[in-house]
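# Chain and residue survey
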Amino acid sequence: MVERELELKLVLSPERSVPVPVRLSYRTDDPYAVHVVFHIGSDHPVGWTFARELLVEGVFRPCGHGDVRIWPTKVDGRDVVLMALSSPDGDALLEAPATQVSAWLERTLRAVPPGTESERLGMDEGLAGLLATTVVADELWLRDPWPSDESRDGEE
């Protein structure tokens, strides 16, 4: 697991934002996703999960549509990454320090290089297990548990 605690800014208006502590998490057993947990001062933190590739691309150029959109920009001379999140409960615009997000992403890319994610899913082993079960089931199916009427039992 690759984690990073940092502080984002929840943008309320062009002149006003509030700090929001977050935890970025990346798990090698879920290699396509990044997890962001917002600690908003309630009993239940708010979590979002989206594609790691989306965040990687968003550090360099605008990307995403729908629920998650990410793009780089400058605010007061600082490089930041903006994340627009939409849900039925509302919308949020978050500002993240680009350097810290990029450093964390770099660690995730070292843990699981792009293009090798599927190797972490165990699909080959799972498929082999399913096929082995199918072979056993086929063998059982081919065995006739009830003798047919044409059997020679009782014939002389």
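The structure contained in this document is the topic of the report that follows. Everything numeric in this text was worked out from a predicted model, so none of it was measured.

## Regarding the overall build of the protein chain
- A tally of helices and strands in the protein chain yields 3 helices and 8 strands.
- When the elements of the protein chain are put in sequence order from the N terminus, they spell out β-β-β-β-α-β-β-β-β-α-α.
- Going through the 156 residues of the protein chain one by one, you find that 26% of them count as buried.
- Counting only contacts in the protein chain whose residues sit at least 6 apart along the sequence, the fraction spanning at least 24 positions is 32%.
- Surface accessibility of the protein chain: about 10800 Å² in total, with carbon and sulfur atoms responsible for 54%.

## Here we look at the pairing of strand β8 (residues 90-97)
- The sheet contact formed by strand β1 (residues 2-13) and β8 spans 2 bridges and is antiparallel. If you follow L10 over to β8, its bridge partner there is L94.
- Of the pairings in the sheet, the one linking strand β7 (residues 78-87) to β8 comprises 8 bridges and is antiparallel in character. Each residue of the ladder has a partner; that of L85, found in β8, is A92.
- In textbook terms, the turn of a hairpin is the stretch between consecutive antiparallel strands, and for β7 and β8 this stretch comprises 2 residues.

## Focus on the pattern of salt bridges
- Enumeration according to the criterion identifies 9 salt bridges in this entry.
- A salt bridge links R61 to E57, with the shortest nitrogen-to-oxygen separation between them at 3.6 Å.
- Using a relative accessible area of 46% as the deciding quantity, one classes R61 as partly exposed.
- Close ionic contact of K74 with D79 constitutes a salt bridge, the shortest N to O distance being 2.6 Å.
- According to the relative accessible area criterion, K74 is exposed, its value standing at 55%.
- Salt bridges linked by common partners bring E3, E5 and R23 together as one network.

## Focus: the side chain of S25
- Relative to the elements of secondary structure, S25 occurs in strand β2 (residues 16-26).
- Of the polar contacts made by the side chain of S25, one reaches the side chain of E3; its length is 3.1 Å.
- Those residues in contact with S25 that lie beyond four places of it in its chain are V2, E3, V34, H35 and W104.

## A few points about the nonpolar core
- L8, F38, F50, L55, I70 and W104 are the most contacted members of the largest nonpolar core, which has 28 residues in total.
- Setting aside chain neighbours within four positions, we find I70 in contact with F50, L54, L55, G58, R61, P62, C63, V81, L82 and M83.

## Things to note about the sheet that holds strand β4 (residues 46-51)
- Spatial ordering of the open sheet is given by β4-β3-β2-β1-β8-β7-β6-β5, a layout of 8 strands whose pairing is antiparallel. Each edge of the sheet is formed by a strand with only one pairing partner; in this case those strands are β4 and β5 (63-65). Each strand of the sheet is rotated relative to its neighbour by a mean of 35°, with strand direction disregarded.
- Bridging between strand β6 (residues 68-75) and β7 involves 8 bridges; their strand directions are antiparallel.

## Quick notes on the environment of V56
- Inspection of the secondary structure puts V56 in helix α1 (residues 52-58).
- A C-alpha to C-alpha distance of 7.0 Å links V56 and L105, two positions 49 residues apart in sequence.

## Quick notes on helix α2 (residues 98-111)
- Between its first and last C-alpha, α2 extends 20 Å over 14 residues, near the 20 Å set by a 1.5 Å rise per residue.
- Residues of α2 that are buried: A98, V101, W104, L105 and T108. Looking straight down α2, one finds its buried side chains confined to an arc of 135°; they lie on one side. Looking at α2, the residues exposed on the side facing more than 90 degrees away from the buried face are T99 and R110.
- The inward-facing, buried residues of α2 contact β1, β2, β3 (33-38), α1, β7 and β8.

What counts and how
Residues numbered from 1 in each chain as written. Predicted model: local features only at pLDDT ≥ 70, side-chain atom pairs only at ≥ 80, totals over all residues. Heavy atoms only, no water. Helix = DSSP H or I, 4+ residues; strand = E, 2+ residues; numbered from the N terminus. Buried < 20%, exposed > 50% of the residue type's maximum accessible area, 1.4 Å probe, protein only. Contact = heavy atoms within 4.5 Å. Areas by Shrake-Rupley, 256 points an atom, 1.4 Å probe, with all protein chains shown as cover. Pairing = 2+ DSSP bridges. Salt bridge = Lys/Arg side-chain N within 4 Å of Asp/Glu carboxyl O. Polar contact = N/O pair within 3.5 Å; in protein donor to acceptor, adjacent residues only side chain to side chain. Core = buried A, V, L, I, M, F, W, Y, C linked by side-chain atoms within 4.5 Å. Axes fitted to C-alpha atoms, helices over the stretch in contact; angles between N-to-C directions. Expected span 1.5 Å × (residues − 1). Arc of directions from axis to C-beta.

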